[in-house]
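Below, each chain spelled out in residue letters.
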Amino acid sequence: MRRIITATVQNSSGVLNRITGMLSKRAFNIESITVGTTEIEGISKMTFVVEIPDANKIEQLTKQLNKQIDVLKVNDITEKAIVQRELALIKVGSTSASRAEIQGVIEPFRARVLDVSRDSLVIEVTGKPDKIEALIDLLHPYGIKDMTRTGVTAFPRGKQPRQVQEFTLSV
Amino acid sequence: MKTQTETHTQPVEQKLRTGADLFVQSLVEEKVDTVFGYPGGAVLPIYDALYRADAPFQHILCRHEQGLIHAAEGYARVTGKPGVVIATSGPGATNLITGITDAMMDSLPVVVFTGQVSTAVIGSDAFQEADVIGLTTPITKHNYQVTDIKDLPRITREAFHIATTGRPGPVVVDIPKNIAQEITDKTFDTSFHLPGYQPTVKPNPLQIRRLAEALAKAKKPVLLAGAGVHFADASEELKAFAEKFELPVTTTLLGLGSFPGGHEQALGMAGMHGSYSANMAIYEADLLINIGARFDDRLTGAIQHFAPEAAVAHIDIDPAEIGKNIETKIPVVGDAKEALTALLDIDIECTDHSSWSEETMNNKKEYPFWFERSDDLISPQWLIESVHRETDGHAIVTTDVGQHQMWAAQFYQFNSPHKWVTSGGLGTMGFGLPAAIGAQLGRPEETVVAIVGDGGFQMTMQEMAVVKQHNLPIKVIIVNNEALGMVRQWQEKFYEERYSASLMTENPDFIKLAEGFGVKGIRVSKETDVPSVIKEVFQHDGPVLVDARVQKLDKVFPMVAPGKGNHEMIGVKQCEE
Ligand SMILES: Cc1ncc(C[n+]2csc(CCOP(=O)(O)OP(=O)(O)O)c2C)c(N)n1
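It should be emphasised that the depicted structure is a prediction, and the values quoted were computed from it without experimental measurement. (Residues numbered from 1 in each chain as written. Chains lettered and ligands numbered in written order. Predicted model: local features only at pLDDT ≥ 70, side-chain atom pairs only at ≥ 80, totals over all residues. Heavy atoms only, no water.)

Chemist: Run through the side chain of Asn481(B), naming residues and quoting values.
Modeler: All names here are of chain B. Tracing the chain through its elements places Asn 481 in the loop between β18 (475–480) and α22 (485–494). On the basis of relative accessible area, Asn 481 is assigned to the buried category, the value being 5%. Filtering out sequence-adjacent residues up to four positions away, Asn 481 remains in contact with Gln 403, Asp 454, Arg 488, Val 550, Gln 551 and Lys 552. (Helix = DSSP H or I, 4+ residues; strand = E, 2+ residues; numbered from the N terminus. Buried < 20%, exposed > 50% of the residue type's maximum accessible area, 1.4 Å probe, protein only. Contact = heavy atoms within 4.5 Å.)

Below, the structure written as structure tokens:
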């Protein structure tokens, strides 16, 4: 099961190390982590995407995160109505001939060209991970020379549908 | 340290203090009475401050940093107060790693202060630099590096608070040398706010009610008491609860003594070398109430056979423990004492389970721990029974890890809490002697016995020097089987007697060794001599080291083989009669 979990943490030194260390010690498989500051000084927010085999383990993960002294709040938002975004930078091979064609491919994705050189283009795209996957798929034939992805950052939408099926924790 | 303008600046000078002075002051404010420490370059400013201060605590210089931390653990285990350790940077800090991990696994409140190289050179591989934060992050409840003198007093307070509250555990504070040396005339605010750390002490009434309802319906209820009962000082409440509802009580290794071993409802320790009656009670139970135990795999055996019929209720102050290893139907987050008190207050009418109680008691009578006595060589179990008889079950017993540890758990009957000091979670050889030192310093009025293996003793035996220096009346009993006995037992049972690297035929002369340390040494090798020797040992008013030559091939039984369920114990014997 792919879960999206957010943690609000105090910005003490070593907090990221402490949390990733705990995850690896407990053998959780991290797909991505994003971290950044929040609107409150001294408080950061992390978004984890984790691949977890069973429900018990999900509960363990949130409990172990909560147990960290620096962690203020943990939220498993997988089942909620959420906004989630990832940013990818993709460098694809291009010739003057293929440039326009590539432009046509990326446009429906609202991706942008950030840099043009004689034999390559750098493309910026943001969106849900599956949208980014789809674009990458389409760009493959042109030859991907370099790529970097930030991993998902996410939080719940302002309004939640009434019958959200919360993941039930036993505590 | 006086300066040239001595008289003129007197009042100002009194205000000037170093980071090290602030640190010593913090220990005084925390009412520390014993510090286990070892000096070195990076902590010299702290040692100088200790020298200058008239600190109201004693400083114990062990002979190896591993000794410091195990002593602090022993101290913490028997007093419930935090054990305090000071070590220098680099090698001093790395020598503590085993003990910090041990304290983490067994939830012991220990506060460790390590020296660090100056902040200006941190990260440069400076002389005696080690990344203490990186090294200790996975093995501490929390850790800190002080990077500004103004944080030092607050961090020290936080460290003590975190180590001793909620589920106790080790906290490390790394203090760079320049911070300890820095001079200040300010007083710093020590108030702290830890919004991410708010342990739940009072259990939720709804969770208590669910547990009570389950208990009312249960036909085969069993209690399992772990170390959490000790930490919560909940033995009285546990006894009242067990008696009120006539519940059979089993304990974990670390829970020994939390319920009186001699009580008629006590089934004793469960798990790999636990009693048949305890393991069978858990196997057949329809309700298992775990109070402060963490379902270690040595307790559970093969998980699919652990309490297969039971609804599991788990009372624990650490919510992350609940459901971690065993699926839990009724979670109760909170302090064991609070939870048991709340349960005692609820009015419930239990289903009659007297036939169940009878069955468990019958098992206890029919399948007790057993051993074979001989008239010649000493049976190690008999040796331990003799220690029990002589001390009336009231001594503080510390151990290393191995066969002697399991025999001590089986044959020394603990009737009161805070008497059993052993490395349960990490299983650390060399724990027994330094832990005994800490225990004796924490409880000077009590009899302390260290039951150790000939292997484990040789890992920390240099601490005999501390025993002598402080004339601690510790009785060290080496259960000498000239082998790494537990390893040999496994090799015999599971590796077709290939005794690879497990025989210790070249042991030192432990009597001469004792004498070298200035401690009385006694050797005993005949079963018939045991009673008189044990008497002599406990009558001697000072430390004694006993080299007890026991039967070499004795094994710890009963036993659950690795991968097996607890109901498949081998080496169970039915009582004759
Ligand atoms: C530091 C450490 N190293 C290795 C082990 C593995 N180990 C467990 S029991 C044991 C043998 C202990 O022998 P001894 O101290 O003589 O005690 P005995 O089993 O003979 O009573 C060993 C090597 C351990 N528990 N701790």
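Back to the text.
Chemist: Now, about the pattern of salt bridges: what can you tell me, with residues and values included?
Modeler: Where charged atoms of side chains with opposite charge meet at close range, the side chains can pair. Residues and elements named next belong to chain B. All chains considered together, the criterion is met by 36 salt bridges over all chains. The salt bridge partner of Lys 202 is Glu 338, with a shortest N-O separation of 2.7 Å. Placement of the pair is Lys 202 in the loop between β8 (183–184) and α10 (205–217) and Glu 338 in helix α15 (residues 336–345), with a sequence separation of 136 residues. When its relative accessible area of 60% is taken as the criterion, Lys 202 is described as exposed. You can call Glu 338 partly exposed: its relative accessible area is 27%. As a salt-bridge pair, Lys 324 and Glu 321 come within 3.2 Å of each other at their nearest N and O atoms. (Salt bridge = Lys/Arg side-chain N within 4 Å of Asp/Glu carboxyl O.)

Chemist: Give me the lowdown on the pairing of strand β4 (residues 83–87) of chain B, citing residues and values where you can.
Modeler: Residues and elements named next belong to chain B. Of all five residues in β4, five are buried; the element is thus mostly enclosed. Of the two faces of β4, both are covered, the one formed by Gly 83, Val 85 and Ala 87 as well as the one formed by Val 84 and Ile 86. Of the pairings in the sheet, the one linking strand β2 (residues 34–37) to β4 comprises three bridges and is parallel in character. When the bridges of β4 are listed, Val 35 appears paired with Val 84. In this structure, β4 lies alongside strand β5 (residues 110–116), joined through five bridges in parallel fashion. (Pairing = 2+ DSSP bridges.)

Chemist: So what's going on with empty space enclosed by the protein? Residues and values would help.
Modeler: Residues and elements named next belong to chain B. All told, the structure shown has one cavity of 30 Å³ or more when counted by the stated rule. Each pocket or cavity is described by its volume, and for the largest cavity that value is around 30 Å³. Around the largest cavity, the lining residues are Gly 274, Ser 275, Tyr 276, Tyr 367, Pro 368, Phe 369, Trp 370, Pro 558, Gly 571, Val 572 and Lys 573. Here the residues of the lining of the largest cavity are counted per class, giving seven nonpolar, three polar and one charged. (1 Å grid on protein atoms, 1.4 Å probe; cavity = no way out; pocket = protein on both sides within 12 Å on 5 of 7 lines; lining within 4 Å. Points joined across faces, edges and corners; volume = space filled by probe spheres on them. Nonpolar A, V, L, I, M, F, W, Y, C, P; charged D, E, K, R; others polar.)

Chemist: Could you give an account of the UniProt feature "domain: Thiamine pyrophosphate enzyme central" (unreviewed entry) in chain B, with specific residues and numbers?
Modeler: The UniProt record marks residues 208–343 of chain B with the feature "domain: Thiamine pyrophosphate enzyme central" (unreviewed entry), using the residue numbering of this structure. Measuring from the first to the last C-alpha atom of residues 208–343 of chain B gives 6 Å, for a span that is 34% helix and 20% strand. (UniProt positions renumbered as here; feature names shortened; annotations may be inferred.)

Chemist: So, the site of the ligand: which residues are in play, and what are the values?
Modeler: Residues and elements named next belong to chain B. Within the structure, the ligand sits among 17 residues, and Gln 403, His 404, Gly 427, Gly 456 and Gly 485 are positioned closest to it. Within the backbone of Gly 485, an N or O atom sits 2.8 Å from an oxygen atom of the ligand. For the ligand, whose unbound accessible area comes to 590 Å², protein coverage reaches 77%. Elements with a minimum of two residues in the shell around the ligand: α18 (403–411), α20 (454–460) and α22. For the shell around the ligand, the element with the most residues is α20, which contributes four residues. (Near = heavy atom within 4 Å. Polar contact = N/O pair within 3.5 Å; in protein donor to acceptor, adjacent residues only side chain to side chain. Areas by Shrake-Rupley, 256 points an atom, 1.4 Å probe, with all protein chains shown as cover.)

Chemist: I'd love a proper account of the sheet that holds strand β12 (residues 287–291) of chain B, names of residues and values included.
Modeler: Residue and element names in this part refer to chain B. A sheet is described by the order of its strands in space; here six strands give the open sequence β11-β10-β9-β12-β13-β14, paired in parallel fashion. Edge strands, defined here as strands with exactly one partner in the open sheet, are β11 (266–269) and β14 (330–333). Strand-to-strand twist in this sheet, taken as the mean axis angle between neighbours without regard to direction, amounts to 15°. Alignment of β12 against strand β13 (residues 311–316), held across five bridges, turns out to be parallel. Looking at β13, one finds that Ile 289 is bridged to Ala 313. Each of β9 (221–225), β10 (249–251), β11 and β12 touches helix α13 (residues 276–284); the most contacted strand, β11, lies at about 105° to it. (Axes fitted to C-alpha atoms, helices over the stretch in contact; angles between N-to-C directions.)

Chemist: Which residues make up unusual backbone geometry, and what values go with them?
Modeler: Residue and element names in this part refer to chain B. Looking along the chain, the bond that leaves Phe 557 and enters Pro 558 is cis, with omega of -5°. Position of Pro 558 relative to the elements: it lies in the segment after β20 (544–549). Although it is not a glycine, Ser 107 adopts a positive phi angle of roughly 55°. Along the polypeptide, Ser 107 turns up in the loop between α6 (97–105) and β5.

Chemist: Describe the interface of chain A and chain B, listing the residues and the values that go with them.
Modeler: On the chain B side, the residues contacting the 18 residues of chain A number 20 residues. Across the interface of chain A and chain B, roughly 1600 Å² is buried in total on both sides, 54% from carbon and sulfur atoms. On the surface where chain A and chain B come into contact, there are one salt bridge. Across the pair Asp318(B) and Lys67(A) runs a salt bridge whose closest N-O atoms are separated by 2.7 Å. Run the count over chain A and chain B and you get six residue pairs in polar contact (both at pLDDT 80 or more). (Buried area = accessible area lost by both parts, 1.4 Å probe.)

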